[in-house]
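# Notes for the structure review
Here is how the chains run, residue by residue.
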Amino acid sequence: MMMRRWLAVAVATVLIPGVMSVSSAAAGAERVASPRPARATTAADAPVRVWEWRSPDSNWADLMAGLSGAATVGATHVTIDLTRLVDISEIPDPARRTGADEAFRQRLVDYNTTAAARGMTVSAVVGTPAWAAADSRYLAGTVTGWVRRFNASQPRAQRLTALEVDVEPWVTPQWQSNAQRSLAIEWLRFIDQMRTEQRALPAAEQIPLRVDLPFWFDGSGTPASVRYGGKTMSATDHVLRLLDYRGASGNAVVVMAYRDTVTGANGSAALVAAEFAAAARRGGRVAVVIGQDTAPTDTEPEWVTFAEEGRTQLLAAMDELSGRFGHEAAFAGFSVNHAHHLATWLP
């Protein structure tokens with residue numbers, strides 16, 4: 001479930017509110033050579049992913065409308081929320097657990113099959129803010145193992161093409177009570193465990209790992225730096241380091257740069273510039289995906305979303321961002337929030 005929150009973050013001399021959360025049918029389409037030559041100059045040239053925050057066992061008509069909505073922004077991939085698999089895996093009764101798991105898997109198969117018929121691959125997104133806690137770290141193995149088994153049972157076109165982590169401790173009350181640095185360290189430990197689980201798989205069974213993060217984790221917000229693994233750097237730099245391991249292909253950070261304009265100190269281009277610079281220092285081996293929002297909001301400034309501006313301006317912004325960053329080896333397109341609202345843009 002997507003959650004939203006924002007803070008005022010000083011960048012240079014500008015006060016910038018920062019959004020705090022996110023809210024090709026062949027398998028392997030998510031993979032990106034490391035580094036890869038940049039070529040995208042318009043949104044039509046760049047991968048466009050759309051978040052689907054409903055579980056595959058949600059109302060089928062709503063899910064299908066979400067796929068249609070994703071198509072209106074040229075989506076080539078859909079990232080569907082599989083967090084509920086954890087609840088299913090912890091059902092005490094073995095028979096009930098097996099039945100629920102089989103039903104969940106079948107709905108995901110049906111969803112992936114339908115998406116493939118529409119020219120879209122499907123990846124998984126998992127996580128809640130609570131997963132940053134030390135006693136939740138075992139869940140990295142739970143979700144990695146589940147996705148591995150699912151993919152092993154499916155033909156290529158129905159496999160999940162990436163595993164995305166959306167663990168957001170910055171929306172918790174603890175974060176607001178000045179526990180940012182300790183929570184950021186626990187968050188990094190969970191990312192590190194996901195990395196460990198993925199690396200433990202046979203090379204042929206590994207899939208790209210993506211991590212959702214706010215733009216201000218680049219050192220422009222609080223905490224500006226974190227000491228982890230014997231190194232002190234921004235949280236974004238730590239994640240890039242963790243994802244830059246031997247044999248990795250297609251790993252990425254998804255930067256929530258939610259703005260309805262591209263230019264200016266508070267535009268989305270300025271918010272992701274540091275991430276591209278950091279990725280470039282690592283040779284572009286870890287990709288950068290730019291997050292954009294379309295969901296309406298009553299609690300945040302209207303300029304964090306294209307809800308009012310609509311599809312045409314969203315596509316224009318993605319074209320402009322592609323023009324600005326398409327030359328970057330790390331540029332890997334967009335993630336758009338979210339399928340539920342995009343469906344409301346259907347004719």
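Described below are features of the structure shown in this document. Bear in mind that the values here come from a model prediction, so they are computed numbers and not experimental data. (Residues numbered from 1 in each chain as written. Predicted model: local features only at pLDDT ≥ 70, side-chain atom pairs only at ≥ 80, totals over all residues. Heavy atoms only, no water.)

## Some thoughts on the sheet that holds strand S10 (residues 252-256)
Consider a sheet: its strands pair through backbone hydrogen bonds, and that pairing is either parallel or antiparallel. Pairing is parallel around the closed barrel formed by 8 strands, whose spatial order is S3-S4-S5-S6-S7-S10-S11-S12. Along the sheet, successive strands turn relative to each other by an average axial angle of 30°, direction set aside. With 5 bridges joining them, strand S4 (residues 77-81) and strand S5 (residues 121-126) adopt parallel strand pairing. Within the sheet, the bridge partner assigned to histidine 77 lies in S5 and is threonine 121. (Pairing = 2+ DSSP bridges. Helix = DSSP H or I, 4+ residues; strand = E, 2+ residues; numbered from the N terminus. Axes fitted to C-alpha atoms, helices over the stretch in contact; angles between N-to-C directions.)

## Observations regarding the pattern of salt bridges
All chains considered together, the criterion is met by 12 salt bridges. Measuring nitrogen to oxygen at the nearest pair gives 2.7 Å for the salt bridge that ties arginine 105 to aspartate 101. Placement of both arginine 105 and aspartate 101 in helix H3 (residues 94-117) is noted, with a separation of 4 residues, approximately one turn of the helix. Among the residues examined, arginine 105 registers a relative accessible area of 18% and is labelled buried. Judged by relative accessible area, which is 17%, aspartate 101 ranks as buried. Across the pair glutamate 186 and arginine 137 runs a salt bridge whose closest N-O atoms are separated by 2.5 Å. (Salt bridge = Lys/Arg side-chain N within 4 Å of Asp/Glu carboxyl O. Buried < 20%, exposed > 50% of the residue type's maximum accessible area, 1.4 Å probe, protein only.)

## Quick look at unusual backbone geometry
A cis amide bond, omega 0°, links threonine 222 with the succeeding residue proline 223. Cis geometry is adopted by the peptide bond preceding histidine 338, which originates at asparagine 337 and carries an omega value of -5°. When you line up the elements, histidine 338 lands in the loop between strand S12 (331-337) and helix H10 (339-342).

## Here we look at the packing of aromatic side chains
Tallied over the entire structure, the rule returns 13 aromatic pairs. Arranged with centres 5.8 Å apart and planes meeting at 50°, the rings of tryptophan 131 and phenylalanine 190 form a pair that is tilted. Of this pair, tryptophan 131 sits in the loop between S5 and helix H4 (139-152) while phenylalanine 190 sits in helix H6 (residues 180-199), and the two are 59 residues apart along the sequence. The burial state of tryptophan 131 is the same as that of phenylalanine 190; both residues are buried. The ring of tryptophan 146 is capped by arginine 105, whose NZ or CZ atom sits 4.9 Å from the centre of that ring. (Phe/Tyr/Trp six-rings, centres within 6.5 Å; stacked < 30°, edge-to-face > 60°. Lys NZ or Arg CZ within 6 Å of the ring centre and 35° of its normal.)

## Points about the nonpolar core
Among the nonpolar cores identified, the biggest contains 99 residues, and Leu82, Trp187 and Ile290 are the most heavily contacted of them. Broken down by element, this core gets its largest block of residues, 8 residues, from H6. Once residues lying within four places of it in the same chain are set aside, the contact partners of isoleucine 290 are Val255, Ala257, Val272, Phe276, Leu321, Phe325, Phe331, Gly333, Phe334 and Ser335. (Core = buried A, V, L, I, M, F, W, Y, C linked by side-chain atoms within 4.5 Å. Contact = heavy atoms within 4.5 Å.)

## Some details on the environment of arginine 210
Here arginine 210 lies in strand S7 (residues 209-214). With 77 residues separating them in the primary sequence, arginine 210 and alanine 287 have C-alpha atoms 8.9 Å apart. Within the local environment of arginine 210, its side chain forms a polar contact with the side chain of serine 123, the two groups lying 2.8 Å apart. (Polar contact = N/O pair within 3.5 Å; in protein donor to acceptor, adjacent residues only side chain to side chain.)

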